[in-house]
Structure formats: C-alpha cells, structure tokens
Amino acid sequence: MFLVVCLAAAVIFLLYLRWEYSTYVKTIDLIPGPPKVPVMGNALLIPRNPHGSLEILQEKWPKIYGRIYRVWVAFQAFIDISSPSLMEEIMSSQKFINKGEVYDPLLPWLGEGLLTAKGNKWRKRRRLLTPAFHFQILDNFFDTFNKNADILCQQLHRSLSKEGELNEREIEVFPFLKRCTLDIICEAAMGIQVNAQLEDSEYLNAVQKFSLLLFENFFSVWRLVPRWIFFLTTKGKEYKKSLKVIHDFTSKVLSNSNNFIVEHFSMISFADRRAFLDLMLIAAKEGADLTDTDIRNEVDTFMFEGHDTTASAAVWFLYCMGTHPEHQERVREELSHVFGDSNRPCTLEDTTKLKYLECCIKESLRLYPSVPNIKRYISEDIVLNGYKVPAGSTISMHIYSLHRNEEVFPDPLVFKPERFENQQLVGRHPFSFVPFSAGPRNCIGQRFALFEEKVIMSTLLRRFRFTYDTDKHGPAKPSADLVLKPHHGMPMILSPLVDNFLGSE
Ligand code: HEM
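Thresholds, definitions, all that
Residues numbered from 1 in each chain as written. Predicted model: local features only at pLDDT ≥ 70, side-chain atom pairs only at ≥ 80, totals over all residues. Heavy atoms only, no water. Donors = N, O, S within 2.8 Å, 3.2 Å for Na, K, Ca; no water. Helix = DSSP H or I, 4+ residues; strand = E, 2+ residues; numbered from the N terminus. Near = heavy atom within 4 Å. Polar contact = N/O pair within 3.5 Å; in protein donor to acceptor, adjacent residues only side chain to side chain. Nonpolar A, V, L, I, M, F, W, Y, C, P; charged D, E, K, R; others polar. Axes fitted to C-alpha atoms, helices over the stretch in contact; angles between N-to-C directions. Left-handed = near helix turned anticlockwise from the far one by under 90°. Contact = heavy atoms within 4.5 Å. Core = buried A, V, L, I, M, F, W, Y, C linked by side-chain atoms within 4.5 Å. Buried < 20%, exposed > 50% of the residue type's maximum accessible area, 1.4 Å probe, protein only.

### Side note on the coordination of the iron atom of the ligand
In this structure, the iron atom of the ligand receives exactly one donor atom from the protein: Cys443 (SG), at 2.3 Å. Tracing the sequence through the fold places Cys443 in the loop between helix H19 (422-425) and helix H20 (446-463).

Here is the structure:
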C-alpha cells in the first residue's frame, strides 16, 4: 500500500514538473507578475474578501508590474490588463468573444444566458434580443422608471417620518435602491410586477449571499476540490439554499409571464411595445430554437444583470453627490431649469437636457464602475505589448484600474464631472472609459441603464438632499464580488426638500 502511495505521489510530482516546465508556463512567466508558489500560484497572495482583492489586483499590482501582468490562480493563468490600447485590442476583437471556464461558476445560476453563452449560440441570441433594447422602444419604459422612482421616494420619505413629523435622518440607502431597480427590470423587461419595494424580497438577499460565495470560491482551494465535497460544508449548503431561493423567484416570474403571453398573444401587434421576455416567448411560439430552459436562463440573466449593476451605479452616484455638495447643487440647479419646482415625471426629452447630471453619472461610473472586471478566453496565441499570450490563457480586463489610470485621467481619484463635457473628450482614447465594456460583447442594456439612472436620480434629487458623513464613517470602501458594492453599506443623511411625496404631478 505504502509503495502504491509513493508511486502515485511520484507520478503526480513528475506530471507537475512537466507542466511547470512546459512552453505554455514558460511563455506566460515571461510576462511580469508577482512571485508564485507551487500549485497555488499567486492565489494565496489574493485576499479572500472582495475589498482586499480589488485593492491588490486593481490598485497595487498594476502599479508594481505595469498595465499588463500575469497572475496564476492555481493552474489557471490570467493576463491582467488595464490600458486603453490593450482594452481595445481585446474588446473590439471578433475572435475573442468567449469568456471561457472562469464564468462556469455562474452556470448553475444563469445557465447559458446571454452573459455566459458562447460562439454561435451567443451570436443568435444577441441578434434575437437586440431589438428589445432599441432606442425607440426604450421610450416605453419611462412610465415604469418614473412610477418606481416615485415609490422609492415614498419609501424613503416613510423612513424619515416619525410620529407624523418629517425630519432629516441617516438611512442605509443601498437596499432601497436594489429593491427599486429589481422592480424596474422585472416590470420593464419581463412585464411582471414583483413589488419588491413594497414587500420584503428574499431574492435580493439570496443574490447577495450567492455572489459572495462565488467570489470566495474563485480564489480558494475549493477550485481544486470536487464540487460534491464543497456541498457537504456549511458554505456549500448555503450555496444550494440561496440558489433555490433565486430559482424559485424566477419560476414565479416565468409562470406569471407565460399566463400573460398565453392570454394576450393574439392581441400583441408588431407596433406594440416588446418587453424582452415577450420577444423570446413569441419567437419560441413561432418556432425559434428556444427551449424552456433557454428562456429561464435569459430571465435569470436579465434579472441579475438588470438590477444589481444599476443599483450599484445608483449607490455610488449618491455617494459622489453626498461627498460633493457643490456638484449636487449644480445638478439641482439644472433640474430646476428643466422641471421648475414641479414633481412631474421625467421624459426622454428631459433626459437629453440633463447634461450635467449625465456628466456626474459618467464620472461616478468612472470612479466606481458597476462591473469592475471582465474576462475573455484566448483561443489562439496573440501578442500584447510585445508579450506572447498563449492560447488557453484568460485575459482579465480591469475596468476599475483603467478608469483610475492617471495617464488618461489626471488626478484620477478626484471627482470631476467636467471630464465628460464635450470639449474634454477630444483626443481621449475611446477605450479609456468603458463601464459598459465595448465592442461586439458590450452591455446590451447600456442605454436602458443610463435612462433609468437619469430618471431615478432626477426624481430623487428634486425631493431630497443627500449627505455622506465622512468624519463619522470614513471614505466608503468599494468591494468587488460580481459587481462593485460599498463594503460597509451606504449610510446617507437625507434632508427632505418638498412636502409632497405622493407621486408625480
Ligand atoms: C449601470 C448599469 C450597467 C453596467 C455598468 C453594465 C455593465 C456591463 C458590462 C461591463 C458587461 C460586459 C460583461 C462581460 O463581458 O463579462 C455587461 C454585459 C451585459 N449586460 Fe450590462 N450593465 C448595466 C446594466 C444592464 C442592464 C440594465 C441590463 C438589462 C436590461 C444589462 C444586461 C446585460 C447583459 C445581458 C449582458 C451580456 C451581454 C452579452 O454578453 O452579449 N446590463 N454589462
């Protein structure tokens, strides 16, 4: 027995040496990067918490090793990049559109929806869904944006009122924003009201827990251990429980939508608004190659991508406003110019006039991009900055680090919305600001998200002043699991500016 164990150990060791001295590993190790240890590579240097890992991967290491460096997470090689020209090379490529096995941990949740789909499956699905996000169609979603922004104001107002009196008060705003953006995506994209703002939503807590577990697993030893062993642990059980809550919620959304589409199918004309789920269900009925599982995967994908990212953008925008009262007042002046002192809904036409608000939204997305990192699988050898990147490796694009690159944005840590005024854009590399990614695999919901942010923020800032107490809480720390979140929440002091919170006039 002892001999068998020794023999097995010797074989494993020889295989390991063969791998370690392979051309693949040697080629990657020509790229600068932190010193590695056998088997775990650099994984042990990366903190398990999503704030610490962001600091090391996107702040510290780019400073030490440059805008292209390599990281080994066990046997997996990542080439981390954060300069505009390197981003352009990968993002605009038609060849490197797949995300590879690093996105596999998302599969039990999102299946092969648009975010994770590969090759031709992705191309076909993207073609099918693109019309749902057409500029003219987005106009129809403004009612939903406004209605939910009003409910958000009413909910915040309720939290400020005590015994009939309205007072300024510190509130943890992030959960309010998440509930609002979840209601918006479910209603606008799926045609379903889930009333997350009015009733407690287990789904949101489950998404939060699940995202964190995915992140923790990514850099941990669990990558090397069979999944069934992980499922025996407490964390593994939490993983399964959260996933069930998420999928049960999707099932509820889907069963409501199916009833809707069965009842109303004959009434939907081509001139009508097409929520994205309508498009899929109709395409399925008309014989497109779409199974029930495909539809479920897209619902999961859009529910996640459509609420967590926009809530993150909203919370960081409010943080920037709350720490820069002078910019907040300038936005309010612009709002007063467009709306007077009315609480009326914000229209598509209004959004085109809210130029300073847009600059502030973009500047907050620069400093706090909702999706701080994305990845692409390298299917054939390429050369980046003179380094050969062999097929089989993964490019890790650090959007957060790119946006804080002082060669592109002088005083990168300072909130300066003027950076996005037209005259300042001249000469700036088009891939230096990419919160929605860019190229063929960019964010399909980009315009939807920007309109949504403008409506929510123009409604909130007309009714409340937001202040973040830095002396009390210190600067908010960003933390990156799947999206960029405030590490310790976002407590903000809200001061009511109007008496009428009952809705738009
Ligand atoms: C501020 C809000 C948002 C930001 C910053 C954002 C950012 C991004 C980024 C960076 C990607 C590329 C991901 C990757 O390559 O791995 C992406 C993809 C995607 N986003 Fe967004 N997103 C936002 C809002 C939305 C909304 C509202 C929706 C849905 C209505 C949405 C749906 C999607 C989908 C389906 C993909 C996958 C697209 C594909 O692979 O073809 N996103 N988003």
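### Remarks on the site of the ligand
Taken together, the neighbourhood of the ligand is formed by 28 residues, with Tyr103, Trp122, Arg126, Arg441 and Cys443 sitting nearest. One nitrogen or oxygen atom from the side chain of Arg376 is found 3.1 Å from an oxygen atom belonging to the ligand. Arg441 places a polar side-chain atom, nitrogen or oxygen, 2.8 Å from an oxygen atom of the ligand. Residue assignment for the shell around the ligand shows that the elements contributing at least two residues are helix H6 (119-129), helix H14 (292-323), strand S6 (373-377) and H20. Considering every element that reaches the shell around the ligand, the biggest residue donor is H14, with six residues. Class assignment for the residues of the shell around the ligand results in 16 nonpolar, seven polar and five charged.

### Focus on the packing of helix H8 (residues 142-160) against H20
Two numbers describe how H8 lies on H20: the axes approach to 9 Å, and their chain directions differ by 35 degrees. Where H8 crosses over H20, the handedness of that crossing is right-handed. Across from Phe142, Phe145, Asn146, Ala149, Asp150, Leu152, Cys153 and Leu156 in H8, the residues of H20 making contact are Phe448, Phe451, Glu452, Val455, Ile456, Thr459, Leu460 and Arg463. Split by residue class, the contact of H8 with H20 holds 11 nonpolar, two polar and three charged.

### Here we look at the nonpolar core
Core analysis: the biggest nonpolar cluster contains 154 residues, and Trp109, Phe276 and Leu460 have the highest contact counts within it. Among residues more than four places away in sequence, those in contact with Trp109 are Val207, Phe210, Ser211, Leu214, Leu243, Ile246, His247, Asp300, Phe304 and Leu482.

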